[in-house]
Amino acid sequence: MADTFTLEIVTPSGILVSEETTEVTAPSTEGEFGVLPNHTDYITALKPGLVSYKKDDKDCVVVVGGGYAEVSQEKTNILVDYAKLATEIDKNAANEELKTAEATLAETKEDDSHYAKCKEAVDLAEAKIAGAQKA
Amino acid sequence: MATLREIQRRIKSVKNTQQITKAMKMVSAAKLRRAQENIVAARPYADKVKDLVAALEEGTMPENHKLLSKGSDKPAKKAELILLTSDRGLCGGFNSYLIRMVERFMREHPELDCTVSIVGRRALDHFKGRSEVTGRRHFGSGRPDFNLAEEIAGDAVASYLEDSSDEVYLVYSTFQSALTQTPVIQKLLPIIPDNSEKEALDSFLFEPSPEAVLDVLLPKYVEVQVFRALLESSASEHGARMTAMDSASKNASEMIGGLTLIYNRARQAAITKELLEIISGAEALKDS
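Just so you know, these numbers come straight off a predicted model, no measurement behind them.

Engineer: Give a detailed account of the nonpolar core, specifying residues and quantitative values.
Structural biologist: Residues and elements named next belong to chain B. Counting 50 residues, the largest nonpolar core has Leu189 and Val226 as its most contacted members. Secondary structure elements with two or more residues in this core: α1 (4-59), β1 (78-84), α4 (146-161), β4 (167-175), β5 (181-189) and α5 (210-287). No other element matches the 14 residues that α5 contributes to this core.

Engineer: Which residues make up the interface of chain B and chain A, and what values do they have?
Structural biologist: Each partner contributes to the interface: chain B provides 23 residues, whereas chain A provides 25 residues. In total, chain B and chain A occlude about 2100 Å² of area from one another, counting both sides; carbon and sulfur atoms represent 63% of this. Lys48 of chain B is paired through a salt bridge with Glu8 of chain A; the nearest N and O atoms lie 2.9 Å apart. Counting across the chain B and chain A interface gives four residue pairs in polar contact (both at pLDDT 80 or more). Elements with a contribution of two residues or more to the side of chain B that touches chain A: α1, α4, β6 (205-207) and α5 of chain B. Looking at the side of chain B that touches chain A, its residues break down into 16 nonpolar, one polar and six charged.

Engineer: An account of the pattern of salt bridges is needed here, citing residue identities and associated values.
Structural biologist: Should their charged atoms come close, side chains of opposite charge can pair. In the structure shown here, the tally under the stated rule is 11 salt bridges over all chains. Between Glu167 of chain B and Lys187 of chain B there is a salt bridge; the shortest N-O distance is 3.2 Å. Of this pair, Glu167 of chain B sits in strand β4 while Lys187 of chain B sits in strand β5; the two residues are 20 residues apart in sequence, bridging distant segments of the chain. For Glu167 of chain B, a relative accessible area of 13% corresponds to the buried category. Across the salt bridge formed by Lys250 of chain B and Asp246 of chain B, the nearest N and O atoms sit 3.6 Å from each other. With a gap of four residues between them, Lys250 of chain B and Asp246 of chain B both fall in helix α5, about one helical turn apart. Residue class for Lys250 of chain B comes out exposed when judged on its relative accessible area of 53%. One network of salt bridges, in which partners are shared, links Glu8 and Lys75 of chain A together with Lys48 of chain B.

Reading the values: rules and limits
- Residues numbered from 1 in each chain as written.
- Chains lettered and ligands numbered in written order.
- Predicted model: local features only at pLDDT ≥ 70, side-chain atom pairs only at ≥ 80, totals over all residues.
- Heavy atoms only, no water.
- Core = buried A, V, L, I, M, F, W, Y, C linked by side-chain atoms within 4.5 Å.
- Buried < 20%, exposed > 50% of the residue type's maximum accessible area, 1.4 Å probe, protein only.
- Helix = DSSP H or I, 4+ residues; strand = E, 2+ residues; numbered from the N terminus.
- Contact = heavy atoms within 4.5 Å.
- Buried area = accessible area lost by both parts, 1.4 Å probe.
- Salt bridge = Lys/Arg side-chain N within 4 Å of Asp/Glu carboxyl O.
- Polar contact = N/O pair within 3.5 Å; in protein donor to acceptor, adjacent residues only side chain to side chain.
- Nonpolar A, V, L, I, M, F, W, Y, C, P; charged D, E, K, R; others polar.

Shown next, in the form of C-alpha cells:
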C-alpha cells in the first residue's frame, strides 16, 4: 500500500500545487474533511477556505475559493476558481478586501441573484485573513 | 511629375508608418505568446471540469437539470448571441468576420428572436443604435481574467433561467495559428456535454449528492467555456494583428522601394537637365 498520494490544486490560470503528500484537509460545503492515502473515491463541492497538506512533515496552507474536489485512492484533484499559497497573501490587502466585500454584501438583498456571489467574496476574504495568520 | 522634395516627403512618411507597424507587430508577437501561455495554463482546469460533467451527466438524470435541457421539446424562439471582439482595430478582418457571422446567423434563422451581447468596443461601435443589443461590456485587449468570464457566464445563465432566452451562443474566433483564426458559433446553453471520453464514476461517493455537485458544477462548466473562448479570442486577436502588421510592413517596404526608384530617376533627370543647360550655354558662348 502506498503511503503517499498526489495532490493537485488546479485553477483557471494554471496548476498551483502538484505534490506527493500524506495528508490533506479541505473545506467542503458540508464541513471540513480530511484525506489520507487510499481514501475511497469521493467527489464534493468546496466552499472558500483553507486547504492544508503535509509536505516533508511540514504543514503547507493554501487559500482557495469555491470549487470542488475529486478524491481517488492515489490522487486528489482540487479544482477552484482561486488559489494562493498562504505565505504569499498580503494581510492588509485581504483586510481591505473583506471591508469592501462586507459593504457590498450589506447592500445586497438576500433574494438577489448576486447574493451568493457576494457571500462567497466575504468568505474568501475571511479565508485569506485566516491563511495569512497561519502562515 | 512630382518634385523631388514631394517624393522625399512621401518616402519619409511611409518610413514612419513602417516603423509603427513594425513595432506593433513585435508587441503583438509578445502578447500572442503570453496569450498562448494562458490558454495552455487554463487547459488542465477546463479538461477536468469537462470530464466530470460528462461523467456526471451519465450518472444522474440530466433531464432534471435546467441548464442541460428545459424539459420541453418546443423549438427555441429566443436566442442570445454573445459576441467576443477586440477593443482595438488594426487587426485585419478579425472583427468584421465575426460581425458578418452574427448577421448571417440572424438572416439564416428568421424564426429566432435574436439578442446580442457584446464584449469589445469594436462590435459595440458596429451595433450602435441597433435594437438587438442588450448586454454591453468591454474588456481590455490585455489579459482576460476569470472574473470577467464569471460575469458573462452568470448573466447568460440568469437570462436563460429567466426564460429571456431559450438558447445561448458564443461567437468568437478560435486560435489555430498566428496565420489562421476561424470564427465559430458555439452553443453555450443548454449544455451539450462532450461524451467522447468518459471515465466510469459509478464507484464515486458524492457529497452531499450527485445533483448538488452538478448544481455547482454546471455553472462552472459554462464559466470555463466562456473563459476559454475569451482566451482564444484574445490569442486570435493578437495573431490577426501580427499578420496584418507584418503585411503592412511588407507593403511599406515595397512602397519605399518604388518611391526611391522614382526619386532617383527624378534626381537623375534633374541632373541631366542641368548639365544640358550648362553645356548648351557654354556652346552658345563659344560660337559668339
